[in-house]
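Residue-level structure breakdown
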Amino acid sequence: AKVIGIDKCTDHDATVCDPACGSGSLLIRALAEVPFEISGYGQEKESSTAGLAKMNAVLHNKATIKIMAGNTFSDPQFIKNEDASELERFDYIVANPPFFEMNNVTDDDYLKEAMFEDALPLEELFIAFRKFMKANGEAYLIYQADRFPEVYQMCIRYKLKIMRMAFVHDVSSKHALRILLKMKIGPMSKLKVENPVLIDSGAFVDYQGLKKIPENH
């Protein structure tokens, strides 16, 4: 949430949606970065997890977030008031699809991918971006770094232009763990990769003015 730039929002009527919000953590943090209150929306296919997201919103003083249960892709819940046949569209879409501790599940690379995709297929996610984004809206994605070639192809297929991109590294590893992407509707152009985001056990330790990592790293 600190990296995607939502803190620069100037529109008090702006809206944020996480179409697969899980427990609501990313949606809550994204809203917390905006310097004033804006509306948040989330949908989660598991009703028990949607209930947890509602509870988390209350605990973080974001009780106005609208959390709905149901499958975003087959049964979207956010419909325009004036036209029940038209989906609501949002200024910001955020998504951090579910990740599993793959090494604790199986050593079979193909089965790892199948398990991951069973939770939220990549193409469905990009379909959701286009369905729910306003024409001038922005989509933010956190995804597995080694899947970037597929993500790039999806951007081209669904006409989303990558505006910002950074790789996430753990300080103990040279390999990228995740990619952070900011996208808008439009044709793809030359990519500019920003400085990597460094984390230590899941906590951000270095990115554009955040806490610097020790020199011995």
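In what follows, the accompanying structure is described.

The rules behind each value
- Residues numbered from 1 in each chain as written.
- Predicted model: local features only at pLDDT ≥ 70, side-chain atom pairs only at ≥ 80, totals over all residues.
- Heavy atoms only, no water.
- Core = buried A, V, L, I, M, F, W, Y, C linked by side-chain atoms within 4.5 Å.
- Buried < 20%, exposed > 50% of the residue type's maximum accessible area, 1.4 Å probe, protein only.
- Helix = DSSP H or I, 4+ residues; strand = E, 2+ residues; numbered from the N terminus.
- Contact = heavy atoms within 4.5 Å.
- Axes fitted to C-alpha atoms, helices over the stretch in contact; angles between N-to-C directions.
- Left-handed = near helix turned anticlockwise from the far one by under 90°.
- Nonpolar A, V, L, I, M, F, W, Y, C, P; charged D, E, K, R; others polar.
- Phe/Tyr/Trp six-rings, centres within 6.5 Å; stacked < 30°, edge-to-face > 60°.

1. Remarks on the nonpolar core
Counting 29 residues, the largest nonpolar core has Ile93, Phe126, Phe129, Leu141, Val151, Leu181 and Met183 as the members making the most contacts within it. Among the elements of the structure, β6 (90–95), α4 (122–132), β7 (133–144), α5 (148–157), β8 (160–170) and β9 (176–185) are those that each provide at least two residues to this core. Here the element with the most residues in this core is α4; it accounts for 6 residues. Those residues within four positions of Met183 in sequence are excluded, and the remaining contacts are Phe126, Phe129, Met133, Gly137, Glu138, Ala139, Leu141, Cys155, Leu160, Lys161, Ile162 and Met163.

2. Re unusual backbone geometry
Phi is positive for Asn61, close to 60°, though the residue is something other than glycine. Looking at Asn61, the relative accessible area reads 67%, which means it is exposed. One non-glycine residue, Lys159, adopts positive backbone phi at about 55°. One can find Lys159 in the loop between α5 and β8.

3. Some remarks on the packing of α4 against α5
The contact between α4 and α5 brings their axes to 10 Å, and the two run at 40°. As α4 runs across α5, the sense of the crossing is right-handed. Along its contact with α4, which presents Leu122, Glu123 and Phe126, the element α5 presents Glu150, Val151, Met154, Cys155 and Arg157. Here the contact of α4 with α5 is built from residues that sort into 5 nonpolar, no polar and 3 charged.

4. Points about helix α1 (residues 25–33)
Among the residues of α1, Leu26, Leu27, Ile28, Ala30, Leu31 and Glu33 are the ones counted as buried. Residues of α1 that are buried sit in contact with β1 (15–18), β2 (39–44), α2 (47–59), β3 (66–69), β6 and β7.

5. Considerations on the packing of aromatic side chains
Following the criterion strictly, the structure yields 7 aromatic pairs and no others. Between Tyr41 and Phe78, the ring centres sit 5.2 Å apart and the planes meet at 80°, which makes this aromatic pair edge-to-face. Note that Tyr41 is positioned in strand β2 and Phe78 in the loop between β3 and β4 (79–80), a separation of 37 residues in sequence. Taking relative accessible area as the criterion, Phe78 reaches 10% and is therefore assigned buried. An aromatic cluster is built from Tyr41, Phe78 and Phe90, whose rings are joined through pairwise contacts.

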